[in-house]
Structure formats: structure tokens, C-alpha cells
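Coordinate analysis (summary)
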Amino acid sequence: MSIRHGLLALLSTGPRHGYQLRVEFEASTGATWPLNIGQVYTTLSRMERDGLVEPGESDEQGRVVYTITTAGRAEMARWFGTPVVQSDRPRDELVIKLAMAVAAKEVDVTEVIRKQRTATMRALQQLTRAKRAAPEGAAQRLVLDSMIFQAEAEQRWLDHCEAVLKEER
């Protein structure tokens, strides 16, 4: 997901200034994707250049309030209507790390897996606590659920890696 599309989604519900967008973006993602306020304003500037948003009047504190344009709504609809494909996601560092550990032959792959399993279990526990403590809201719950499911899947994959390595011996 790009910051651009997230900001468009937030602006589709009404005009906002940059700080509001930052706060709402972080709240919607369960604070799992913190934004620098500079990122927000740089993105808004590019979106203004591209005709996706337009600046309005400044509020009482001098902050410019932005509104989504018709082109911005079309871009947001295009984004929501386009499935995310696996090849669009960044490489998985853990997969590469384990593949390289096997290839290196001098690395104790089972120890790498053990350490990762411990770290993933710790992350899973933190996510579960965060989910219990999270305020009501579907957006944050969906983000935390996704992260929990990913951690659980990683644990299953690590079990699979161990089984494959035992077969190879």
C-alpha cells in the first residue's frame, strides 16, 4: 500500500489537514505503520501536483485543509479495485536468510530457525496483547488480525523448514 492511497481513502470521508491525516492513518493501521509528518506533506504536495487533491482554506491554526478531487476518487477506486498480487510485495527477508543459511553450509540452520521461532512467538504474544488492549474498531482489528495470522503462518513454515531439513540429512 502506498501512503498516497491511504491518504486518498481518508480524504474520501472529508477534508483534512496533514496532521489529521497522519493521526488517522496511524490509528487506522493500528500504529503499525508510523508516518513522519514530512512524508504526509510531501505526499500531499505530489498529489496536488497530480490533480488528486486540492488545497483549501487554512484552518484557524494556519494549516491547509485538503480535499480529494474527482481524479483522486477515481485513483482511489482504481486502487481498491485492483487486487494485490504476490509479486507486488517486497521480498521476504526470512526466506532469503534461511535459503542462504542452507547454501552457506557453515551455518547452523536449526539454530537460525530456533532463534526465529522464539522471536516470532514473542511477536505473536505482543500482538495478542495489543489486540486485547486495542480500542474498538474494525480497521485496527483487521490490521492486528492480519499480523497475528502472518506470525502464526511463519511458525508453521518454520516447522515445515525443520521437517524438510531433517529429511535432507
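Figured I'd write up the structure that's included with this text. (Residues numbered from 1 in each chain as written. Predicted model: local features only at pLDDT ≥ 70, side-chain atom pairs only at ≥ 80, totals over all residues. Heavy atoms only, no water.)

Considering the nonpolar core
L7, L8, L11, L21, L44 and M47 are the most contacted members of the largest nonpolar core, which has 16 residues in total. Looking at this core, the element that brings in the most residues is helix α1 (residues 3-11), giving five residues. Once residues within four sequence positions are removed from consideration, L7 is found in contact with L21, F25, V40, T43 and M47. Core analysis: the next-biggest nonpolar cluster, separate from the first, contains nine residues, L94, A101, V109 and C161 among them. (Core = buried A, V, L, I, M, F, W, Y, C linked by side-chain atoms within 4.5 Å. Buried < 20%, exposed > 50% of the residue type's maximum accessible area, 1.4 Å probe, protein only. Helix = DSSP H or I, 4+ residues; strand = E, 2+ residues; numbered from the N terminus. Contact = heavy atoms within 4.5 Å.)

So, the pairing of strand β3 (residues 64-68)
Relative to β3, strand β1 (residues 16-17) runs antiparallel, the two being bridged by two bridges. Following the sheet pairing, R16 is matched in β3 by Y66. Relative to β3, strand β2 (residues 53-58) is paired through four bridges, and the arrangement is antiparallel. From the neighbouring strand, E54 faces β3, where its bridge partner is T67. What sits between the antiparallel neighbours β2 and β3 is a turn of five residues, in which G62 has the positive phi angle 85 degrees. (Pairing = 2+ DSSP bridges.)

Points about the pattern of salt bridges
In this structure the tally under the stated criterion is 11 salt bridges. R49 is paired through a salt bridge with D50; the nearest N and O atoms lie 3.0 Å apart. The class for R49 is exposed, based on a relative accessible area of 61%. Salt bridges sharing partners connect three or more residues here, namely R4, R49 and D50. (Salt bridge = Lys/Arg side-chain N within 4 Å of Asp/Glu carboxyl O.)

Some words on the environment of S58
Topologically, S58 is positioned in strand β2. For S58, a relative accessible area of 44% puts it in the partly exposed group. Residues S58 and H17, 41 residues apart in the sequence, show an inter-C-alpha distance of 8.6 Å. Discounting chain neighbours no more than four positions away, the residues touching S58 are R63 and V64.

Here's the deal with the packing of aromatic side chains
With the rule as written, the count across this model stands at two aromatic pairs. Between the aromatic rings of F25 and W33, the centroid separation amounts to 5.3 Å while the plane-to-plane angle is 80 degrees, which identifies the pairing as edge-to-face. With relative accessibility at 2%, the residue F25 sits in the buried group. Note on W79 and F80: the rings are 4.7 Å apart at their centroids and 45 degrees apart in plane angle, and the pair reads as tilted. Residue class for W79 comes out partly exposed when judged on its relative accessible area of 22%. (Phe/Tyr/Trp six-rings, centres within 6.5 Å; stacked < 30°, edge-to-face > 60°.)

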